[in-house]
Amino acid sequence: AQSVSQHNHHVILSEAASLELGCNYSYGGTVNLFWYVQYPGQHLQLLLKYFSGDPLVKGIKGFEAEFIKSKFSFNLRKPSVQWSDTAEYFCACSSGNTGKLIFGQGTTLQVKP
Amino acid sequence: GAGVSQTPSNKVTEKGKYVELRCDPISGHTALYWYRQSLGQGPEFLIYFQGTGAADDSGLPNDRFFAVRPEGSVSTLKIQRTERGDSAVYLCASSPILAGVGDEQFFGPGTRLTVL
């Protein structure tokens, strides 16, 4: 069965620090990979997604993620975080023909001003 | 435009009662998903509709849970004989195209269900 694991459960950074959130998935076939974000009081929204092609994917708000097939990883990065990036971040994958998402347990990011 | 809406936003019920949770997807979206999110966890898949039919209900935890989408738009998640362990945020998402594979899913705000 597919699964997604996020290594960091709670991350605290100061503004302008660099961010990297780890995500690993377990599935032997072709997968689609996503990062979703949930800002305080808001609903889940898509940050970026990978289907195929260039393994370095750029998303909204300066976020990017790199798909490394040999490591089954899809880590999220941002060179310089802002206070407004404080949120919960979820990595997810899908496969097959239903598009159902398998989520990791999430990482809470707190950015100190 | 209007996003995915869910009602009620909060529902408090007693153990053993029946509840219905409603989802209005984005107009024209054919794929609709229900997820459940417990505290400190990521969302867990429950059921997927393509049009009116449940194409994948493998995530429903047991036969107390049932969902319908009779006209291919609004969906209702129904939980019978609720238990305290059913307490969670129930999320609905919709997606525009037929297969749904690789598409962005647009999430609603969720219904927070509390079973006392």
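Just so it is clear, the structure is predicted and the values come from calculations on it, not from any experiment.

A.B. asks: Looking at this model, I keep getting lost on the interface of chain A and chain B. Mind explaining?
C.D. replies: Interfaces are frequently sized by the accessible area removed from exposure as the parts join. At the interface, 20 residues of chain A touch 22 residues of chain B. The interface formed by chain A and chain B includes one salt bridge. Between B:Asp56 and A:Lys100 there is a salt bridge, and its shortest N-O distance comes to 3.3 Å. At the junction of chain A and chain B, the tally comes to five residue pairs in polar contact (both at pLDDT 80 or more). With four residues, the top contributor of residues to the side of chain A that touches chain B is strand 5 (residues 32-38) of chain A. Along the lines of polarity and charge, the residues of the side of chain A that touches chain B split into eight nonpolar, ten polar and two charged.

A.B. asks: Sorry if this is basic, but what is going on with the environment of A:Val81 here?
C.D. replies: Residues and elements named next belong to chain A. Positionally, Val81 belongs in the loop between strand 9 (73-78) and strand 10 (87-94). For Val81 and His43, which are 38 residues apart along the polypeptide, the C-alpha to C-alpha distance reads 21 Å. What Val81 contacts, discounting residues up to four positions off in sequence, is Leu13, Ser14, Glu15, Ala16, Ala17, Leu19 and Val111.

A.B. asks: I keep staring at the nonpolar core and nothing clicks. Help me out?
C.D. replies: General note: in soluble globular proteins, nonpolar side chains tend to be found buried as a group. If you look at the biggest cluster of nonpolar residues, it comprises 28 residues, and the most contacted ones within it are A:Leu33, A:Trp35, A:Leu47, A:Leu48, A:Phe74, A:Leu76 and A:Tyr89. Sort the elements by how many residues they give to this core and strand 10 of chain A lands first, with four residues. Leave out the neighbours within four places in its chain, and A:Leu76 touches A:Leu19, A:Glu20, A:Leu21, A:Trp35, A:Leu47, A:Leu48, A:Phe63, A:Glu64, A:Ala65 and A:Tyr89. Counting 20 residues, the second-largest nonpolar core is a separate cluster that includes B:Leu21, B:Leu60, B:Ala88 and B:Tyr90.

So, how was this worked out
Residues numbered from 1 in each chain as written. Chains lettered and ligands numbered in written order. Predicted model: local features only at pLDDT ≥ 70, side-chain atom pairs only at ≥ 80, totals over all residues. Heavy atoms only, no water. Contact = heavy atoms within 4.5 Å. Salt bridge = Lys/Arg side-chain N within 4 Å of Asp/Glu carboxyl O. Polar contact = N/O pair within 3.5 Å; in protein donor to acceptor, adjacent residues only side chain to side chain. Helix = DSSP H or I, 4+ residues; strand = E, 2+ residues; numbered from the N terminus. Nonpolar A, V, L, I, M, F, W, Y, C, P; charged D, E, K, R; others polar. Core = buried A, V, L, I, M, F, W, Y, C linked by side-chain atoms within 4.5 Å. Buried < 20%, exposed > 50% of the residue type's maximum accessible area, 1.4 Å probe, protein only.

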